[in-house]
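Inside the fold
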Amino acid sequence: MAGGNPLGCGPRPLGGWYLAIGLYCAPFGDHPATYLRVVEVSGIKGARLVLLVSGEGTNLQALIDACRDADFGAQVVAVGADRGPANGLARAERAGLPCFTVRLADYPGREEWDAALTRACAGFAPDLVVLAGFMKLVGKSFLDTFGGRCVNTHPALLPSFPGTHGVRDALAHGVKVTGCTVLLVDDGVDAGPIVAQASVPVADDDDEVTLHERIKVAERALLVSTVGRMVREGWSVQGRKVRIGS
Ligand code: GAR
């Protein structure tokens, strides 16, 4: 267990890491409510990952596969879903991983759902939570606990085309290049600081399905390499700027 601390923060003496969070109010563009954090996390040995998924789970599978290599630097300690049955959960079960489901419909409201999701994740003491195709917005309780160490993957080059239809919206706009983004999760919609991006050209005859499939090839590689680098090298966040390594 990572120090047995469900918040996962605080100094760790051996091969550990240190998370420092300072809060300041930094109005940015049309997202003024964001309290951007100054975060510094050094490399985490054998980092504990909790992965959250809503659907097919190919990004999740890529991370599960990557973690089989001890040199990757992380282990998947649990997989959670917001709905069932999710194919992603079936992948996790096949891999013998602990799974949990926290459905919005089972709670009186979003706040209670968010608190339950936070508790479920915190129970596995993750160093990093990865939204690997998770189609719900997390709330205050989740961000109070995992802010600065929760990443999401999105199938567009943010800040363009946030939301649930990033691929469709980019196609409709007629862009010639799109891609994918790994970002830190904050209280906006795909608005958090960008960790890494990869571009994907749009073909004249692309439809949403063909384009999304090509993006997902790039996305899986980007998510795996980014999460791996984050846990091995650490990361820092200053305002909107994320830097991996020192
Ligand atoms: C991925 O393209 C991911 O970026 C997207 O859902 C897909 C999940 O694929 N997530 C979002 O759009 C979140 N805003 P997968 O289930 O095969 O990994």
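Residues numbered from 1 in each chain as written. Predicted model: local features only at pLDDT ≥ 70, side-chain atom pairs only at ≥ 80, totals over all residues. Heavy atoms only, no water.

**Details of the packing of aromatic side chains**
By the definition in use, this model includes three aromatic pairs. Taking 5.8 Å as the distance between ring centres and 10° as the angle between the ring planes, the aromatic pair formed by Phe100 and Phe124 counts as stacked. Linking Phe100 in strand S5 (residues 99-101) with Phe124 in the loop between helix H3 (110-122) and strand S6 (128-131), this pair joins segments that are 24 residues apart in sequence. Take Phe100: its relative accessible area is 11%, and that puts it in the buried class. You can call Phe124 partly exposed: its relative accessible area is 24%. (Phe/Tyr/Trp six-rings, centres within 6.5 Å; stacked < 30°, edge-to-face > 60°. Helix = DSSP H or I, 4+ residues; strand = E, 2+ residues; numbered from the N terminus. Buried < 20%, exposed > 50% of the residue type's maximum accessible area, 1.4 Å probe, protein only.)

**Some details on the sheet that holds strand S7 (residues 150-154)**
Strand pairs in the sheet, formed through backbone hydrogen bonds, run parallel or antiparallel to each other. The seven strands are arranged S5-S4-S3-S6-S7-S8-S9 in an open sheet whose pairing can be described as mixed. Two strands close off the open sheet at either side, each with one partner strand: S5 and strand S9 (194-201). On average, adjacent strands in this sheet sit at an angle of 20° to one another, irrespective of strand direction. Of the strands in this sheet, strand S3 (47-53), strand S4 (74-81), S6 and S7 are in contact with helix H1 (residues 58-67), which crosses S4 at around 155°. (Pairing = 2+ DSSP bridges. Axes fitted to C-alpha atoms, helices over the stretch in contact; angles between N-to-C directions. Contact = heavy atoms within 4.5 Å.)

**Some details on the pairing of strand S8 (residues 177-184)**
Regular strands place their side chains on alternate faces of the sheet. With seven of eight residues buried, S8 is to be regarded as a mostly interior element. Sheet analysis places S7 next to S8, joined by four bridges and oriented antiparallel. Within the sheet, the bridge partner assigned to Asn152 lies in S8 and is Leu183. Bridge analysis of S8 against S9 gives seven bridges, and the strand direction is antiparallel. Bridged to Leu183 within S9 is Ile194.

**Some remarks on the site of the ligand**
The environment of the ligand is formed by 14 residues, the closest being Gly57, Thr58, His212, Lys216 and Glu219. One of the side-chain nitrogen or oxygen atoms of Thr58 is found 2.6 Å away from an oxygen atom of the ligand. Protein burial of the ligand: of its 450 Å² of free accessible surface, 93% is covered by the chains. Within the residue set of the shell around the ligand, elements represented by two or more residues are H1, S7 and helix H6 (208-233). Broken down by element, the shell around the ligand gets its largest block of residues, three residues, from H6. Tallied by class, the residues present in the shell around the ligand amount to two nonpolar, eight polar and four charged. (Near = heavy atom within 4 Å. Polar contact = N/O pair within 3.5 Å; in protein donor to acceptor, adjacent residues only side chain to side chain. Areas by Shrake-Rupley, 256 points an atom, 1.4 Å probe, with all protein chains shown as cover. Nonpolar A, V, L, I, M, F, W, Y, C, P; charged D, E, K, R; others polar.)

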